[in-house]
Amino acid sequence: MKITIALFPLIFLQTSLVLAQLKAPEIKEGEGPFLQLIIRGVTLINGNGAPPIGPVDIIVENNRIKRIAHVGYPGVPIDSTSRPKLTPGGKELKAEGMYLLPGFIDMHGHIGGKAQGADAEYVFKLWLAHGITTIRDPSAGNGLDWVLDQKLKSAKNLITAPRILAYTAFGMGAKEPITTADQARQWVRDNAAKGADGIKFFGANPEIMQAALEENKKLGLRSACHHAQMDVARWNVINSARAGLTSMEHWYGLPEALFDDRTVQDYPADYNYANEQDRFSQAGNLWKQAAQPGSKRWNEVMDELLKLDFTLDPTFNIYEANRDLARARLQEWHQDYTMPKLWGFYTPSRISHGSYWHNWGTEQETAWKENYRIWMMFVNEFKNRGGRVTVGTDSGFIYQLYGFSYPRELELLREAGFHPLEIIRSATLCGAQALGLEKELGTVEVGKLADFVILEQNPLKNLQVLYGTGAVTLNDNNEVQRIGGVKYTIKDGIIYDAKKLLEDVRILVANEKKDSGETIKQPGVIKKS
Ligand SMILES: [Zn+2]
């Protein structure tokens, strides 16, 4: 049958409508897993702090790493006779000269949402395209049952998605508000019985926090907490850590734990937490109200958190618009990869969460630059003293896009003072440890799951090669070139062409713009007088 050109737009339209209805499509992408997969000739950048080494061949059987074979020396042709042999039915991935890292873990990955107009296929593909093979969904915002269903489908490789851990928002699904310690404990037990991996807290009264955290720990589950301002004056990070919280999100509650000349943040009298201009601009003045770096209180808090084996998941990137709004808003990937509805959600509004640009300018940005400076000092020192710091993004808010925000978070850890190898360790092994999955994930080691990131450039030299849009360089002929982007993401022994996933997303976005007539426009116009 002949298909005329005129029919093509219709076919496109239908395809995009079908995709929009499906939360996450059945697996169409990816090859594998294979009875045997040999990845040839890579330089291994492991997640354990070890320096790069290569060339190595990595042998995978189904979804497990079977052997890591050193096959030669840099700059010397590889002697093929001594290399591991491909068994019949096996698959060979020629990756000579490429770099291989353990799959990345995003410790703060919301799987989209209605308000953002970001469905699961869009989000999952952006994550996988950036080498993210495991995510922790903090809140299970689309409902615990739905997230657990996606988790199961991902584990069975029925969908194109990273592996998923569900940390239910505390109190979600409760028939009545939780007001007693007994109710809190019961909710925690029910949550565990449903199969959740942990809990995400936002703060509550001390009695409830104490009971819920203790019960959760007793059950062997993990926890995360965004210490929101409404409860932080009587329960901050140090209270949570003592009661058994395993990781803190963002940074709220930490300056409050460090107060040594006040007990409440210096709120102006006309502050209103529901006004996000107030909320986020005053947050920019918070770190300087805390105990000075190196002071007695600073050290006491840090010592205790270290002793409790606590995890910091700073999510630096999600606040970056606060110190440079134009940078966040004008990122080059928005045009092709940001859904128009998501763009609308980011645009200044008194209603959407994280769109608080009522009058954001030099004063707020300057305060936030200082806020970052002190915050980064704490996080870097915590790492230097043996503390665990992980990589989380919190995308889908404040101009931060799924997947693309991950390399940005790595860059911000670099700015905080981390060595690139310390950053890779945070992105991999530290994440696995924080999730209690270090026996399965986080490093390239025999027996662990086959989750890898493969790319043609060395990310230790420039983390920007990890962006889907790559890094801009000038070649020897004085021509501008883009290099990088992840080449292959391997999850559970399945090879995904990362650039193909990104192209799928570009088409999804283009179709959405065509269907809805919406575009990505910069907000507002200059008022004519
Ligand atoms: Zn979040």
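Every residue gets a number counted from 1 within its own chain, in the order that chain's sequence is written. For this predicted model, a pLDDT threshold of at least 70 governs which residues receive local features, and a threshold of 80 or more governs which side-chain atom pairs are given and counted, while totals over whole chains, interfaces and linings are taken from all residues. Hydrogens and water molecules were not included; the side-chain quantities draw on all heavy atoms of the structure.

## Quick word on the packing of aromatic side chains
Between rings of Phe, Tyr and Trp, where Trp is taken as its six-membered ring, a pair exists when centres lie within 6.5 Å; planes separated by under 30 degrees are stacked, by over 60 edge-to-face, and by other angles tilted. The full count for this structure, using the stated rule, is 34 aromatic pairs. Their ring planes at 35° and their centres at 6.2 Å tell us that F316 and Y372 sit as a pair that is tilted. With a gap of 56 residues between them, F316 in the loop between β12 (311-313) and α11 (320-323) and Y372 in helix α15 (residues 362-384) connect regions that are remote in the sequence. Measuring from ring centre to ring centre gives 5.9 Å for Y319 and W368, while their planes differ by 5°; the resulting arrangement is stacked. Here the residue Y319 occupies a position in the loop between β12 and α11, and W368 occupies one in helix α15, the gap between them amounting to 49 residues. Within the aromatic cluster, the residues linked to one another by ring pairs are W251, Y252, W287, W298, F316, Y319, W368, Y372, W375, F378 and F382. Counting as a charge over the ring demands two things of the Lys NZ or Arg CZ atom: a distance within 6 Å of the ring centre and an angle within 35 degrees of the ring normal. Here the basic side chain of R323 rests over the ring of Y372, its NZ or CZ set 4.7 Å away from the ring centre. Only DSSP runs of H or I with at least four residues qualify as helices, and only runs of E with at least two residues qualify as strands; both kinds are numbered from the N terminus onward.

## Topic: the pairing of strand β16 (residues 480-483)
Along any regular strand, the residues point their side chains to alternate faces of the sheet. In the sheet, strand β15 (residues 471-474) pairs with β16 via four bridges, with the strands oriented antiparallel. Within β16, the position partnered with A471 by the bridge is I483. Taking the residues that link successive antiparallel strands as the turn, the β15-β16 hairpin has five residues, and the phi of N478 there is positive, at about 65°. Paired strands, as defined in this entry, are two strands with at least two bridges between them according to DSSP.

## Brief notes about the pattern of salt bridges
The rule for a salt bridge is simple: a side-chain nitrogen of Lys or Arg has to be within 4 Å of a carboxyl oxygen of Asp or Glu. Summed over the entire model, instances satisfying the criterion amount to 40 salt bridges. Note that E249 is salt-bridged to R136, the shortest N-O span being 2.7 Å. Residue E249 is located in strand β11 (residues 247-249), and its partner R136 is located in strand β7 (residues 132-139); the two are separated by 113 residues in the primary sequence. Grouping residues by exposure puts E249 and R136 together as buried. D492 is the partner of K491 in a salt bridge, and the nearest nitrogen-oxygen pair spans 3.6 Å. Partly exposed residues are those whose accessible area sits between 20% and 50% of the maximum for their type, while under 20% is buried and over 50% is exposed, using a 1.4 Å probe and protein chains only. Judged by relative accessible area, K491 falls into the buried class, the value being 0%. The structure contains a network of salt bridges with shared partners spanning R40, D57, R83, E92, K94 and E96.

## Digging into unusual backbone geometry
Cis geometry is adopted by the peptide bond preceding P33, which originates at G32 and carries an omega value of 0°. Within the secondary structure layout, P33 lies in the loop between α1 (8-21) and β1 (34-44). Although it is not a glycine, N62 sits at a positive phi angle of roughly 55°. Structurally, the position occupied by N62 is in strand β2 (residues 53-62). In the Ramachandran plot, D394 falls in the positive-phi region, its phi being about 65° despite a non-glycine side chain.

## Some points on the nonpolar core
With 126 residues, the main nonpolar core has Y122, F170, L305, F378 and L401 as its most contacted residues. V42, F452, I490 and I495 belong to the second-largest nonpolar core, a separate cluster that totals 20 residues. The term nonpolar core refers to a set of buried residues drawn from Ala, Val, Leu, Ile, Met, Phe, Trp, Tyr and Cys, joined through side-chain atoms within 4.5 Å.

## Quick notes on the coordination of the zinc ion
Distances from the zinc ion to its protein donors, H108 (NE2), H110 (NE2) and D394 (OD), fall within 2.1 to 2.3 Å. A 2.8 Å cut-off from the metal defines N, O and S donors, relaxed to 3.2 Å for Na, K and Ca; water is not in the atom list, so some sites may appear incomplete. Counting gaps between the donor residues of the zinc ion yields the pattern H-x1-H-x283-D. In this pair, H108 sits in the loop between β6 (104-106) and α2 (120-129) while D394 sits in the loop between β13 (388-389) and α16 (405-416), placing the two residues 286 residues apart along the sequence. With respect to burial, H108 and D394 carry one shared label: buried.

## Re helix α17 (residues 420-435)
Between the first and last residue of a helix there are one fewer steps than residues, each counted as 1.5 Å, and that sum is the expected span. Taking 1.5 Å of rise per residue, the 16 residues of α17 would be expected to cover 22 Å, and the 22 Å separating its terminal C-alpha atoms lies within 8% of that figure. One axis fitted to the seven residues ending at a residue, another fitted to the seven starting there: the angle between these axes is the bend at that residue. The largest bend in α17 is about 45°, located at S426. For α17, the buried fraction is high: 13 of the 16 residues fall into the buried class.

## Regarding the side chain of T315
Tracing the backbone through its elements, the reader meets T315 in the loop between β12 and α11. Judged by relative accessible area, T315 falls into the buried class, the value being 0%. It only takes one pair of heavy atoms within 4.5 Å for two residues to be counted as in contact. When residues no more than four places from it in sequence are discounted, the contact partners of T315 are H108, H250, W375, G392, T393 and E409.

## As for a nonpolar patch on the surface
Without a salt bridge and with relative accessible area above 30%, a residue can belong to a patch; like charges are then joined within 9 Å and nonpolar side chains (Val, Leu, Ile, Met, Phe, Trp, Tyr) within 5 Å. Accessible surface area values rest on a Shrake-Rupley calculation with a 1.4 Å probe, where residue burial reflects the displayed protein chains alone. Where nonpolar side chains cluster on the molecular surface, the patch consists of V472, L474 and V480 and spans about 310 Å² of accessible area. Relative to the helices and strands, V480 resides in strand β16.

## Here's the deal with the packing of helix α9 (residues 276-283) against α15
Contact geometry for α9 and α15: axes closest at 8 Å, N-to-C directions at 45°. The pairing of α9 with α15 is recorded here as oblique in orientation. The segment α9 lies against α15, with Q277, F280, S281 and A283 engaging Q364, W368 and N371. Class assignment for the residues of the contact of α9 with α15 results in three nonpolar, four polar and no charged. A fitted line through C-alpha atoms represents every axis, and for helices the fit uses only the stretch in contact; the resulting angles, taken between N-to-C directions, go from 0 to 180 degrees. Should an angle fall under 35 degrees it is taken as roughly parallel, and over 145 as roughly antiparallel, whereas 65 to 115 is taken as roughly perpendicular and any remaining angle as oblique. Throughout this entry, Asp, Glu, Lys and Arg are counted as charged residues, while Ala, Val, Leu, Ile, Met, Phe, Trp, Tyr, Cys and Pro are counted as nonpolar. The remaining residues, Gly among them, count as polar.

## Observations concerning the confidence of the model for the protein chain
Scored by pLDDT, the protein chain comes out at a mean of 93, with 95% of its residues at no less than 70. Confidence drops under a pLDDT of 50 for residues 1-22, and excluding neighbours within four residues, the segment shows 14 contacts in the predicted structure. Confidence of the predictor at the level of single residues is captured by pLDDT, which takes values from 0 to 100.

## So, the environment of E381
One can find E381 in helix α15. Looking at E381, the relative accessible area reads 21%, which means it is partly exposed. A sequence separation of 35 residues divides E381 from A416, and the C-alpha atoms of the two residues are 9.4 Å apart. Beyond its immediate sequence surroundings of up to four residues, E381 is in contact with W298, N299 and M302.

## A word on the packing of helix α4 (residues 181-194) against helix α5 (residues 206-218)
Viewed as axis vectors pointing N to C, α4 and α5 meet at an angle of 35°, and their least axial separation amounts to 8 Å. Here the hand of the crossing between α4 and α5 comes out right-handed. Each of A181, A184, R185, V188 and R189 in α4 lies in contact with α5, whose residues at this interface are E207, I208, A211, A212, E215 and N216. Each residue belonging to the contact of α4 with α5 can be placed in one class, and the counts come to six nonpolar, one polar and four charged. Working rule for handedness: look at the near helix, and if it is turned counterclockwise from the far one by less than a right angle, call the crossing left-handed; if clockwise, right-handed.

## With respect to the sheet that holds strand β10 (residues 222-225)
Within the open sheet, the eight strands sit side by side as β6-β7-β8-β9-β10-β11-β12-β13. Their pairing is parallel. Among the strands making up the open sheet, the edge pair consists of β6 and β13. Across three bridges, the pairing between β11 and β12 is parallel. Bridged to E249 within β12 is D313. The strands that α4 touches are β8 (163-169) and β9 (198-201); relative to β9, the one it contacts most, it runs at about 135°.

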